Amino acid sequence: MVQVSAGLEGVIAAATVLSDVDGQAGRLTIRGWAVEDLAGRARFEDAVHLLLDGFFDDLPADLAPALGEARVQAFAEVAALDDALAARDPYDAMRALLARLPDGDSLCDALTLALTLAVAPAVFTAATLRRRQDQEAIAPDPALPHAADFLRMIRGATPTEGEARALDAYLVTVCDHGLNASTFAARVAASTRAGLASAVLAGLSTLKGPLHGGAPGPVIDMLDAIGTADNAVPWLETALDAGERLMGFGHRIYRVRDPRADALKAALSRLSKSAGALPGRLALAEAVERAALDILRRRKPDRPLETNVEFYTALLLEALDLPPQAFTCVFAAGRTAGWIAHAREQQASGKLIRPQSVYVGPRPRAAA
Ligand code: CMC
């Protein structure tokens, strides 16, 4: 009997120099750096450089000017954002605009295209959010750091240094994460020698679902529905009794707490201090987190289900005044550089990814 590995669980399908997820120890290493050391220190520009280093011959040491110019290039596509597209889910609108970019030749080393793709989710998300509020899209300022410009293009005003740093911490924290579902999809597309934009679109489409990058919006819905700390236990028990999953908990690889949760919690705490904000929302979230972990341990004693990255993603992005419908777009704005690097690494291996299935349907019928 052929054994099928459901969800490819436990299957090692690539060797990578990009990142390592140690699910037993709760460690994430990105090109030799622990994620908690990168978050809070590195800017988005540093993370893109770290990931693309070695995959493009002409990568400049300082990527900030080239990424600023790439935002300007991407903004040219915003002219195609009509009312019908802007009315769609922001993620769908962002993906549709990204699909307008040239695909690129799989064998050429088109750094300009790679950088345009890396910043495109930020530029398109900002334009879409503004159009949904009947406001003009704001053109990028190539002289600004990427995170500050991203927030400025959404708000129409330059953010504080603390806010830009908090968004940097988020984008850096989620920039790469081993062979997660969207990265695998990007590598499959790249392995067919499709272009770089096709690989990014494969990753983008796979990130969208709530079991992967679509969870942080529902985390906010959960916190809003719970409302007060004393309502946490009954609300969570009712949701689980109804067969629902608690968003922001559990992971395929981590059997302990996701280290990205703490990196983002630390960024949130720095942001609250710099903004002087009252930590009421954080107190509610911590109460819900404690209750959820207790209940999950009791209900699933054999399956460790701990806090994952999405729980504190939701709180950090909410504290930056970003609307929950855009949270997955912001996740994509961080992860795209990872998809690009993986696509290049996969292309270099030259091997088509093509697993097999076992046929369990009916045998051929006798022809009449
Ligand atoms: N709440 C309640 N039960 C859960 C949860 C949860 N969040 N996660 C897993 N379980 C249960 C699940 O019902 C199953 O129980 P049983 O064996 O009785 O059927 C058991 O735990 C194993 O679940 P699984 O679906 O086989 O595990 P998986 O490794 O395929 O799932 C996961 C990983 C992330 C899809 C899952 O934990 C989940 O759905 N979490 C909620 C959604 C979420 O937070 N997604 C963001 C993931 S982190 C971002 C990223 O890195 O992609």
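Rules used in this analysis
Residues numbered from 1 in each chain as written. Predicted model: local features only at pLDDT ≥ 70, side-chain atom pairs only at ≥ 80, totals over all residues. Heavy atoms only, no water. Helix = DSSP H or I, 4+ residues; strand = E, 2+ residues; numbered from the N terminus. Contact = heavy atoms within 4.5 Å. Buried < 20%, exposed > 50% of the residue type's maximum accessible area, 1.4 Å probe, protein only. Pairing = 2+ DSSP bridges. Domains from an automatic or database assignment. Buried area = accessible area lost by both parts, 1.4 Å probe. Salt bridge = Lys/Arg side-chain N within 4 Å of Asp/Glu carboxyl O. Near = heavy atom within 4 Å. Polar contact = N/O pair within 3.5 Å; in protein donor to acceptor, adjacent residues only side chain to side chain. Areas by Shrake-Rupley, 256 points an atom, 1.4 Å probe, with all protein chains shown as cover. Nonpolar A, V, L, I, M, F, W, Y, C, P; charged D, E, K, R; others polar. Phe/Tyr/Trp six-rings, centres within 6.5 Å; stacked < 30°, edge-to-face > 60°. Axes fitted to C-alpha atoms, helices over the stretch in contact; angles between N-to-C directions. Parallel < 35°, antiparallel > 145°, perpendicular 65-115°, else oblique.

**Points about the side chain of Asn 308**
1) Next: Summarising the element assignment, Asn 308 is placed in the loop between helix H14 (280–299) and helix H15 (309–319).
2) Next: In contact with Asn 308, other than residues within four places in its own chain, are Gly 248, Phe 249, Gly 250, Asp 258 and Ala 261.

**Remarks on the pairing of strand S1 (residues 19–22)**
1) Next: The alternating pattern of S1 places Ser 19 and Val 21 on a buried face, while none of Asp 20 and Asp 22, on the opposite face, is buried.
2) Next: Pairing of S1 with strand S2 (residues 27–30), which is carried by four bridges, proceeds in the antiparallel orientation. Note on S2: the bridge partner recorded for Val 21 is Leu 28.
3) Next: In textbook terms, the turn of a hairpin is the stretch between consecutive antiparallel strands, and for S1 and S2 this stretch comprises four residues, one of which, Gly 26, has a positive phi near 70°.

**Some details on the domain arrangement of the protein chain**
1) Next: Domain parsing of the protein chain yields domain 1 (16–208 + 324–349) and domain 2 (216–319).
2) Next: Taken together, the contact pairs 26 residues of domain 1 with 24 residues of domain 2.
3) Next: With both chains or domains summed, domain 1 and domain 2 bury close to 1,800 Å², and 75% of this area falls on carbon and sulfur atoms.
4) Next: Seen at the junction of domain 1 and domain 2, the total is zero salt bridges.
5) Next: The set of elements that each furnish at least two residues to the side of domain 1 that touches domain 2 consists of S1, S2, helix H1 (35–38), helix H8 (161–173) and helix H16 (327–349).
6) Next: With seven residues, H8 is the single largest residue contributor to the side of domain 1 that touches domain 2.

**Some thoughts on the site of the ligand**
1) Next: Surveying the vicinity of the ligand reveals 21 residues, the closest of which are His 212, Arg 245, Leu 246, Phe 249 and Lys 300.
2) Next: A distance of 2.8 Å separates an oxygen atom of the ligand from a polar atom in the side chain of Arg 245.
3) Next: Measuring from an oxygen atom of the ligand, one finds a side-chain N or O atom of Asn 308 at 2.9 Å.
4) Next: For the ligand, whose unbound accessible area comes to 930 Å², protein coverage reaches 76%.
5) Next: When grouped by side-chain class, the residues that make up the shell around the ligand number 10 nonpolar, five polar and six charged.

**With respect to the packing of aromatic side chains**
1) Next: This model, assessed by the stated rule, comprises two aromatic pairs.
2) Next: Between Phe 249 and Phe 311, the ring centres sit 5.3 Å apart and the planes meet at 50°, which makes this aromatic pair tilted. Remark: Phe 311 occurs in helix H15 and Phe 249 occurs in the loop between helix H12 (232–241) and helix H13 (259–275); sequence separation between them is 62 residues. Across this residue pair, the class does not change: Phe 249 and Phe 311 are buried.
3) Next: A relative accessible area of 0% places Phe 311 in the buried class.
4) Next: These aromatic residues form a ring-pair network of at least three members: Phe 249, Phe 311 and Tyr 312.

**Observations concerning the packing of H14 against H15**
1) Next: Where H14 meets H15, the closest approach of the two axes is 11 Å, and the angle between their N-to-C directions is 170°. By the angle between their directions, the pair H14 and H15 is classed as roughly antiparallel. Residues Arg 281, Leu 282, Ala 285, Glu 286, Val 288 and Glu 289 of H14 pack against Phe 311, Tyr 312, Leu 315 and Glu 318 of H15.
2) Next: Its residues assigned to classes, the contact of H14 with H15 comprises six nonpolar, no polar and four charged.

**Focus: helix H11 (residues 216–226)**
1) Next: Of the positions making up H11, those classed as buried are Pro 216, Gly 217, Val 219, Ile 220, Met 222, Leu 223 and Ile 226.
2) Next: In this structure, the buried side of H11 is in contact with H12, H14, H15 and H16.
3) Next: At the C-terminal side of H11, Gly 227 shows a positive phi close to 80°.

**Things to note about the environment of Ala 164**
1) Next: Along the chain, Ala 164 falls in helix H8.
2) Next: Relative accessible area serves as the criterion here: at 2%, Ala 164 is assigned to the buried category.
3) Next: Here Ala 164 is in contact with Ala 147, Ala 148, Leu 151 and Pro 159, once residues within four sequence places are set aside.

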